[in-house]
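A closer look at the structure
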Amino acid sequence: MTGTISEFFGYRATDHTETALLAASRMQCPFLGKTCVKLLGRTTEPSGACAVRQVTSSESVICCPNRLYADDYRILGIIAERTFKHPYRLYSGRVAVEKAKEEGGAVAVFGHGWGGELRLPKRRGTGNYFADWVLAHIDGAGNLVEFTSIEVQTIDTTGNYQDSRNALLKAGRRIEKSTVGLNWENVNKRILPQIIYKGQVLQREELCKSGLWFVTPTPVYNRIMDRLGRNVTFGYQPQPGAIHFLRYDYDPQANPVDGQVTPLTVIGDDCSTVEKVQAAFNNVDLPEPNVYGTALKHALFD
């Protein structure tokens, strides 16, 4: 595969303004307000790649989860309001308890440094797994009344974008091709079983009344739907065991100028259930019979 970095340290790769150049020279992530934490391979050097593009496509695909936390984690507020039906303010972990008493309600946030990750037991009591985010509604009396969980998935890459990165960082912000590719199948193999399992766990939680939120850029969502064979059904109301597929991506109505980051927006929000997703995942499209035998005959005798 061949591709390029399309968004670098928060700004479009074609952006030559002082703002974009300064962010790159400082290796600063404008979405987290600190040094980029996405590392380059096995090094300790910040990567800076927010999104990549294949040379055969005009589509820029977000490859860093932190890119989705633009506008001071706006996506968390969007999900909190859709889940709890009120624009409560968000606070880090247990800080929310006292704030809820003062403000008549608040949302406690756990994950990515807000309130620490919640470590949850795996099956059979061995090991642990983590939720990306947990949002908990605390009422005016300081009581936990409801919560929801969020999983965030961007695209994994194959190959490397070292040549593209070096050209942007050290060669006058030049666009250069590299061997970077998009690892669609790894997303399908790894994330879908996790989503199904976590959805089943949450289905048994009495305070998780609206299910699990699964946030992806649109291209990732489309490939996951391809993997599910477009057989998964939507239109369900929030409920225990629900899975909300929320697409969060570049705003198609925006007209960003150089020196500004490209805004994100909710592209779509469809609700299904764990059972429907699992059934679609298990109902794979199989090839014609005897494909192995045919391939062997070609290899042996043609």
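Residues numbered from 1 in each chain as written. Predicted model: local features only at pLDDT ≥ 70, side-chain atom pairs only at ≥ 80, totals over all residues. Heavy atoms only, no water.

**Topic: the sheet that holds strand 8 (residues 105–110)**
Taken in spatial order, the 7 strands of this open sheet run 7-8-11-12-15-16-17, and their pairing is mixed. Lying at the two open borders of the sheet, with one neighbouring strand each, are strand 7 (90–92) and strand 17 (264–273). This sheet shows a mean twist of 25 degrees between the axes of neighbouring strands, independent of strand direction. Sheet analysis places strand 8 next to strand 11 (residues 133–139), joined by 6 bridges and oriented antiparallel. Each bridged residue has a counterpart across the sheet, and for Phe110 the counterpart in strand 11 is Val134. Relative to the sheet, helix 3 (residues 95–103) contacts strand 7, strand 8 and strand 11, its axis offset from that of strand 8 by approximately 165 degrees. Relative to strand 17, helix 7 (residues 274–282) is tilted by about 90 degrees, and along the sheet it contacts strand 16 (242–250) and strand 17. (Pairing = 2+ DSSP bridges. Helix = DSSP H or I, 4+ residues; strand = E, 2+ residues; numbered from the N terminus. Axes fitted to C-alpha atoms, helices over the stretch in contact; angles between N-to-C directions. Contact = heavy atoms within 4.5 Å.)

**Notes on the state of the cysteines**
Counted by the stated rule, this structure contains 0 disulfides. Cys63 takes part in no disulfide bond, and the closest cysteine sulfur, belonging to Cys64, lies 6.6 Å away. By relative accessible area, Cys63 is classed as buried at 3%. Looking at the unpaired Cys208, the closest cysteine sulfur is the one in Cys271, lying at 11 Å. Taking the relative accessible area as the measure of exposure, Cys208 reaches 0% and is therefore buried. (Disulfide = S-S within 2.5 Å. Buried < 20%, exposed > 50% of the residue type's maximum accessible area, 1.4 Å probe, protein only.)

**Considerations on the pattern of salt bridges**
Per the counting criterion, the structure on display carries 10 salt bridges. Ionic pairing is found between Glu98 and Lys101, a salt bridge with its closest N-O pair at 3.4 Å. Of this pair, Glu98 and Lys101 both sit in helix 3, 3 residues apart, which is roughly one turn of the helix. Judged by relative accessible area, Glu98 falls into the partly exposed class, the value being 46%. Given a relative accessible area of 41%, Lys101 falls into the partly exposed group. A salt bridge links Arg247 to Asp270; the nearest nitrogen and oxygen atoms lie 2.8 Å apart. You can see Arg247 sitting in strand 16 and its partner Asp270 sitting in strand 17, a full 23 residues away along the chain. The exposure class assigned to Asp270 is partly exposed, which follows from its relative accessible area of 25%. (Salt bridge = Lys/Arg side-chain N within 4 Å of Asp/Glu carboxyl O.)

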